[in-house]
Amino acid sequence: MDTAVLREHELDSLFQEIAEKYGYDFTLYSKASLKRRVHRICLMDKLYSFAELRYRLIHDPEYLQRFVEEITVNVTEMYRDPIFYKTLREEVLPQLATYPFIRIWIAGCATGEEVYSVAIMLQEANLYDRSLIYATDLNPSVLEKARNGVFSIRHMKQYSENYIISGGKKELSSYYMANYDLIKFDDKLKERVVFSTHNLVSDASFNEFQLIICRNVLIYFERELQHKVFNLFDSSLEKLGYLALGSKESIRFSNLEQTYKKIGVEKIWRKVQ
Amino acid sequence: MENRNFKDTGVVLIGGSAGSLKVLFELLPDLDEDLGFPIIVVVHRKAAPDSHLESVFKKHTKLNAVEIEDKMPLKANTIYLAPADYHVLLETTNELALDYSEKLHYSRPSIDVTFQSGAEIFGSSAVALLLSGANHDGVQGLKHIKSAGGTVLIQDPDTAEVDLMPREATIQVIADYIIKPTEMAKFINKLANRIDHN
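Residues numbered from 1 in each chain as written. Chains lettered and ligands numbered in written order. Predicted model: local features only at pLDDT ≥ 70, side-chain atom pairs only at ≥ 80, totals over all residues. Heavy atoms only, no water.

- Per an unreviewed UniProt entry, chain B goes by the name protein-glutamate methylesterase and belongs to Sphingobacterium populi.
- What UniProt states about chain B under its Catalytic activity (unreviewed entry) heading is, verbatim, "[protein]-L-glutamate 5-O-methyl ester + H2O = L-glutamyl-[protein] + methanol + H(+)". (UniProt positions renumbered as here; feature names shortened; annotations may be inferred.)

- Naming follows an unreviewed UniProt entry, where chain A appears as CheR family methyltransferase of Sphingobacterium populi.

Given below as structure tokens:
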């Protein structure tokens, strides 16, 4: 299917229809990326026209699940941007250590690589046992993968290197068992994790946290939706709590700009008011 | 170029891989300050935390050079540099968007992604230049530029440090111009004031 077939207004009306019928609202997602993803799933599933795609989506609720999973980007890594994690370790965790009980929300966790990264850091800071990590995503199937804690061994070398740069205190391999081309993380690393579906577009705040991590999720949202999500984060963050975003994301031009203070060069802000 | 009907240039997209930085640092200092359009540069680079390409770019040009951040507005006379490990897309709202989806040709940023997106948004006013490189990224993107009526420029493979990418492009796409590094700045400066003969 030629991308030209995907006319913007047709896509708009399709996403409007999906929002009304299924409650998954992509109408305020960034168009350029969304269009690429739709084109990609059409190629994979051999849908040759826009009408075919629309028919399938409206009449086959099971296909909708696959569609949602494929048009959202679920690519993630352990200790991506190791300096970011180093800052978390050295600047943020010591502050969190002053609380008797620590609540962290990892929003848009995809297959969970960041969740295990954070759990390991909390263990190494001796904070894990009094922490609770809420790991959420809108896709139930990627959450299932996150919950299983089984990953391909292919990227582990890279992850180990990043882990060391981030200030890791051991060997990353001491946290998992390898079996042929798969690794499985120690179950203890998910004992203090609650995996749950949550849609940033439509679901409300569900707790108060001292740290919210949401990296490379907002890049897929238009500004209007970003502002909405920033407000959701703000209402879910305790005073003096931290908000951590992806390396090219920013709270600039949002309501939060006045009441949050950036710490260091990484994309971490503290709620000061 | 006098015998072709050009529309105003909307954007110049430059893609390169191995051997392309040298070419960029040769052409950037000679670019005029008032080009009247933005330039987006996508070069394959290591996803290293200590990548200082932005500051190196700034030293080589009179234009404003910035590394792209999420939803940055596209402005004339500015050079936008694709950040390491993100694809760069263009929006109808005249903003740049970043995307962390799967690598293409083992590359993120991928030149194909940005060229195709540029072709969709700017159509015939898009100009794309593909430089030296060691894989096939950018070739499909040039095809999109071409079929949208845009202008395809390819570095003369004989001048490329690694000629695989530009040579493959010249085989698969009919270039409007095949140019040498020494001619590139002059060519881009001319795009600033080309006349529509319609």
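**Details of the pattern of salt bridges**
Line of reasoning, step 1. In the structure shown here, the tally under the stated rule is 34 salt bridges over all chains.
Line of reasoning, step 2. Its salt-bridge partner being Arg 223 of chain A, residue Glu 95 of chain B comes within 3.6 Å of it at the nearest N-O pair. Here Glu 95 of chain B, found in the loop between strand S5 (87–90) and strand S6 (96–99), pairs with Arg 223 of chain A, found in helix H10 (residues 223–235), and the two come from separate chains.
Line of reasoning, step 3. Given a relative accessible area of 26%, Arg 223 of chain A falls into the partly exposed group.
Line of reasoning, step 4. Taking the shortest distance from any N to any O, the salt bridge between Glu 54 of chain B and Lys 58 of chain B comes out at 3.9 Å. Remark: Lys 58 of chain B and Glu 54 of chain B occur in helix H2 (residues 53–60); sequence separation between them is four residues, near one turn of the helix.
Line of reasoning, step 5. We classify Glu 54 of chain B as partly exposed; its relative accessible area is 28%.
Line of reasoning, step 6. Under the relative-accessibility criterion, Lys 58 of chain B is labelled partly exposed at 41%.
Line of reasoning, step 7. Among the charged side chains, a salt-bridge network with shared partners connects Arg 37, Arg 40, Asp 45, Arg 66 and Glu 70 of chain A together with Glu 102 of chain B. (Salt bridge = Lys/Arg side-chain N within 4 Å of Asp/Glu carboxyl O. Helix = DSSP H or I, 4+ residues; strand = E, 2+ residues; numbered from the N terminus. Buried < 20%, exposed > 50% of the residue type's maximum accessible area, 1.4 Å probe, protein only.)

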